[in-house]
Structure formats: structure tokens, C-alpha cells
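If you want the building blocks of each chain, they are given just below.
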Amino acid sequence: MQAIARRSATRAPAFSRSMATQKPVLMKEFKIYRWNPDQPDEKPHLQSYKIDLNQTGPMILDALIKIKNEMDPTLTFRRSCREGICGSCAMNIDGQNTLACLCRIDRDGGKDSKVYPLPHMYIVKDLVPDLTQFYKQYKSIQPWLQSNNPPAQGEHLQSVEDRKKLDGLYECILCACCSTSCPSYWWNQDEYLGPAALMQAYRWIADSRDTNGHERKERLQNDMSMYRCHTIFNCSRTCPKGLNPAAAIAKIKLEMATTA
Amino acid sequence: AIPQGGVNDAIAFPPPSPSHGSYHWVFERSLSAALVPLTAAAFVTSASANPILDGVLGLSLVVHSHLGFDQAVVDYLHPRKFPLLGPITTWTLRAATVATAVGVFQFNTNDIGLTELIAKVWTA
């Protein structure tokens, strides 16, 4: 097929071969949540921006940056690595919590795309949520190695099988997509830790080098910190890194039921 | 959620209480699991021949329902956000559970019993 096209191109008349092909214009409308803390009485609203997708990169973050560069410099959002590893650009795009830098723009120009901040979070400005509580919860599970028998010399040794148990747990980038997709977290953010912190709690419980698993589990022995999880599963569904917090929480529940 | 304490402090945990934690969770699930053979057994036998089965089934259903509603109250009407309505709902639920348990006991003892009641649905 390609060989035939190439042969016919060399036989095409000169004027059509030298003309550069123009990209057609493909306009798409983005409706983006805006709220300005400098005018706090003004209610949050959706602002509409139309951009040419053929002059934009493929991801939602590219669209946001283009809008900020060319149309509205006051549009505010977090971003850093643009490759799905830092977790800064977590937001709610067309109803799903995901990373803007990994979310492809739907190239249907007839449909608009709605961009909201992460749900049920206090907003600093536009698409920037206040993650203070999220980080405090992460700190409370003590995300560091606690061992009461460190090796006399060298490192903590760990078998290949034991290291495999951490796969799917350590890759969490703490973007908060999962926790902010959980209805239990929406209603009880003050006391329920949320899937992100709980999965990291399990990451340390499951680490063979850590000897404080019992204390880690004791901290969860109350009706709010972990047991508000009702296996809704929004967390695993929305994780932009493909991780499974719901499974990690289930494993904690199993360990607490059988070994406590 | 308005963070308590300093922005860099870890959140505090309440003192550990397995009766509110893992024991409660295990009890809830064991009861749910036990209800499957109980219901099946009540389905295949007659109530008059097995009054004890009828009683156990009634009690299990009442306790199971109470635990289910209680979880909903803790989720949606927690006292920390609803200092008046939360405790009122909790105690109303407990009163309703006790009343239902008494009612089920009376019904099983002085009347036909739960199993027979459900069986009546199939009679012409």
C-alpha cells in the first residue's frame, strides 16, 4: 500500500508536491472550573475556552498550558514532570480523577471537555486543591522503616520473593486521585485515612525488613481510620498508575482479622 | 476537612480498641456468612418442627440489620459533624432493634413464626 503511494507521489505534478500540507483546524471546547480567592464572594464557575487541537499536544495538560500561555494567564493549576510520575497535575477530567499529563484529549470536536479540581477538597485557587490533610494522614502512618534488629553490618537483607510483595505498593506517587474518588473519604476525611495512606500503611506492614507491623496495625484498630472502607472500589478504578489500593486495604483487613 | 493541629503534624489516632476494629469486622462478616446456611435450612424445613432454628434465624436477622444500619449512621451521621442528630439516630436505632427483637420473639413464641410467615407467600 505504502509502496504504491510512494510511486504515485513521484509521478504527481510538481505544484502539488512542493505545497506544504496545512493542518486542518480542529476546535474543541474546554470548560474549566474557576474560582479566585482574591474575589471569594464570586461563586465558582465553569469558564469556556476553545483551542485548536491540531496546534496542541495530545494530553489535557498540553491544552491547559496552551490556554494559560495564549489565552488566560490567570488559569492556575499544579504541574511538574509532564510524564505521570510526580503526581502534581491530579484533577477531575470528564468525571474521572486522573493525571492531566497522562489523559489524552478526546479528539471529538463536537463534545466539550470538563475539567474540575479533585472532588470534595478545599480549593486554594482554580484547579489547585488543599492537600494539607492528605499529607498529614500520610505522615501519621509513619512511612519509614522501623526495625528492632538492624543488621550488625551492612544493609537489611531481603529475599527476591519478599521484595516482590512490595510490587504494586511502592510505585504510588501520592497524587491523591484515589482518596478523593472515595465516597467514604468525602464524608469522613477528618478521620478516615483514605486509600492512598492505607495502601502505604500496608506497604510498610508487608515489608519483610520492618518489624513494627503489629504497632502499625494496632493504630488502625478503631472504627474510623480504616474500617470506613466499604470496598466501593473507586480508588482502584481511578488510579492513573494502575495500582490497586482496594486490594491492599483488603490485605490489611485480612491480617488484622487473622493475626490480631 | 479542616486540619486539626499544625500543617506539618501527623494526625492523631484514637486509643486502639479491637472491639470497634477487627473484632467488630469479623463478627459482622461471620454473621453474614452464617445467615446463608441458616436461611437455606429454614427454607427447606418447617417452622413448627424447628422452633429453635426459627429463633436463631430471627435473632441473626435482627442483629445483622442493626449492624448494617449502624454502619450507615457512622458513615453519614457521625457525632463529630452532627453532635445532636448523630447520637439521637444511634439511640433510636438501638431502641428500634430492641423493639424488633422483642417483637420477633413474641411473634415466634405466640404466633406462627418467621419461617412460617415467609412460607405463607407460596401457599395458594
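From a predicted model like this one, the values you see are computed outputs, not experimental measurements. (Residues numbered from 1 in each chain as written. Chains lettered and ligands numbered in written order. Predicted model: local features only at pLDDT ≥ 70, side-chain atom pairs only at ≥ 80, totals over all residues. Heavy atoms only, no water.)

### Details of the nonpolar core
Residue and element names in this part refer to chain A. Note the threshold: In this description, a nonpolar core means a group of buried Ala, Val, Leu, Ile, Met, Phe, Trp, Tyr and Cys residues linked to one another through side-chain atoms lying within 4.5 Å. Partly exposed describes any residue whose relative accessible area lies between the buried limit of under 20% and the exposed limit of over 50%, with all areas from a 1.4 Å probe on protein chains only and scaled to the type maximum. Secondary structure elements follow DSSP: runs of H or I of four or more residues count as helices, runs of E of two or more count as strands, with numbering from the N terminus. Where a domain begins and ends is set by an automatic assignment or by a domain database. Contact definition: two residues touch when any of their heavy atoms are within 4.5 Å.
Counting residues in each nonpolar core, the largest one holds 64 residues, and the members touching the most others are Phe30, Ile32, Ile60, Leu64 and Met91. Where this core is concerned, the elements lending two or more residues are strand 1 (27–34), strand 2 (45–52), helix 3 (60–71), strand 3 (90–93), helix 7 (195–205) and helix 10 (245–259). Per element, the largest residue contribution to this core is seven residues, and it comes from helix 7. A domain split of this core shows at least three residues from each of domain 1 (27–129) and domain 2 (131–144 + 165–259). Those residues within four positions of Ile32 in sequence are excluded, and the remaining contacts are His45, Leu46, Gln47, Tyr49, Leu64, Ile67, Leu75, Val115 and Leu127.

### Quick notes on empty space enclosed by the protein
Residues and elements named next belong to chain A. The condition that has to hold: Residues are said to line a cavity or pocket when one of their atoms sits within 4 Å of a point; the points come from a 1 Å grid over protein atoms alone, cavities being sets where a 1.4 Å probe fits but cannot get out and pockets being open sets with protein on both sides within 12 Å along at least five of seven lines. Grid points are joined across faces, edges and corners, and a volume is the space filled by probe spheres set on the points. Residues are grouped as follows: Ala, Val, Leu, Ile, Met, Phe, Trp, Tyr, Cys and Pro are nonpolar; Asp, Glu, Lys and Arg are charged; every other residue, Gly included, is polar.
Taken as a whole and assessed by the stated rule, the structure comprises four cavities of 30 Å³ or more. Along the walls of the largest cavity sit 15 residues, with Cys182, Cys229, Ile232, Phe233 and Cys235 positioned nearest its centre. Elements with a minimum of two residues in the lining of the largest cavity: helix 6 (183–188), helix 9 (234–238) and helix 10. Within the lining of the largest cavity, the residues separate by chemical class into ten nonpolar, four polar and one charged. Of the voids in this model, the second largest cavity is the one considered here, and its volume is about 80 Å³. Taken together, Cys172, Ile173, Leu174, Cys175, Ala176, Cys178, Met199, Cys239, Pro240, Lys241, Leu243 and Pro245 form the lining of the second largest cavity. Grouping the constituent residues of the lining of the second largest cavity by class yields eleven nonpolar, no polar and one charged.

### A closer look at the pairing of strand 5 (residues 113–116) of chain A
Residues and elements named next belong to chain A. Let me state the cut-off plainly: When DSSP finds two or more bridges between two strands, those strands count as paired.
Where burial is concerned, the two faces of strand 5 differ: the one with Ser113 and Val115 is buried and the one with Lys114 and Tyr116 is not. Summarising the sheet, strand 1 and strand 5 pair through three bridges and their orientation is parallel. The residue bridging Lys31 from the neighbouring strand is Lys114, located in strand 5. Of the strand pairs in this sheet, strand 3 and strand 5 are connected by two bridges, and their pairing is antiparallel. Bridging from a neighbouring strand, Asn92 pairs with Tyr116 of strand 5.

### Here we look at the UniProt feature "binding site: a ubiquinone" (unreviewed entry) in chain B
For clarity, the cut-off: UniProt positions are given in the numbering used here, feature names are shortened, and annotations may be inferred rather than shown by experiment.
Under the local residue numbering, the UniProt record ascribes the feature "binding site: a ubiquinone" (unreviewed entry) to Tyr76 of chain B. Looking at the element boundaries, Tyr76 of chain B is found in helix 2 (residues 51–76).

### Describing the packing of helix 1 (residues 22–44) of chain B against helix 2 of chain B
All names here are of chain B. The condition is simple: Think of each axis as a best-fit line through the C-alpha atoms, taken over the contacting stretch in the case of a helix, with angles from 0 to 180 degrees between the N-to-C directions. We call two directions roughly parallel when the angle between them is under 35 degrees, roughly antiparallel when it is over 145, roughly perpendicular when it lies between 65 and 115, and oblique otherwise. By definition, turning the near helix anticlockwise from the far helix through less than a right angle yields a left-handed crossing, and turning it clockwise yields a right-handed one.
Across the interface, helix 1 lies against helix 2 with an axial gap of 9 Å and an inter-helix angle of 140°. In terms of axis orientation, helix 1 runs oblique to helix 2. By crossing handedness, the relation of helix 1 to helix 2 is classed as left-handed. From helix 1, His24, Phe27, Glu28, Leu31, Ser32, Leu35, Leu38, Thr39, Ala41 and Ala42 reach across to helix 2, where they touch Leu53, Val56, Leu57, Ser60, Leu61, Val63, His64, Leu67 and Gln71. Split by residue class, the contact of helix 1 with helix 2 holds twelve nonpolar, six polar and one charged.

### Re the UniProt feature "binding site: heme b" (unreviewed entry) in chain B
All names here are of chain B. With numbering aligned to this structure, UniProt lists the feature "binding site: heme b" (unreviewed entry) at His64. In this structure, His64 sits in helix 2. According to the relative accessible area criterion, His64 is partly exposed, its value standing at 31%. Those residues in contact with His64 that lie beyond four places of it in its chain are Leu31, Ser32 and Leu35.

### Observations regarding the pattern of salt bridges
All names here are of chain A. To keep it simple, the criterion reads: Should a side-chain nitrogen of Lys or Arg be within 4 Å of a carboxyl oxygen of Asp or Glu, the pair is scored as a salt bridge.
Applying the stated criterion to the full structure yields 18 salt bridges over all chains. Two residues, Asp106 and Lys111, come together in a salt bridge whose shortest N-O distance is 3.7 Å. We classify Lys111 as partly exposed; its relative accessible area is 49%. Of the charged contacts, one joins Arg209 and Asp207 as a salt bridge, the two residues approaching to 2.8 Å between their closest N and O atoms. Under the relative-accessibility criterion, Asp207 is labelled buried at 2%. Within the structure, one salt-bridge network assembled from shared partners comprises Lys31, Asp112 and Lys114.

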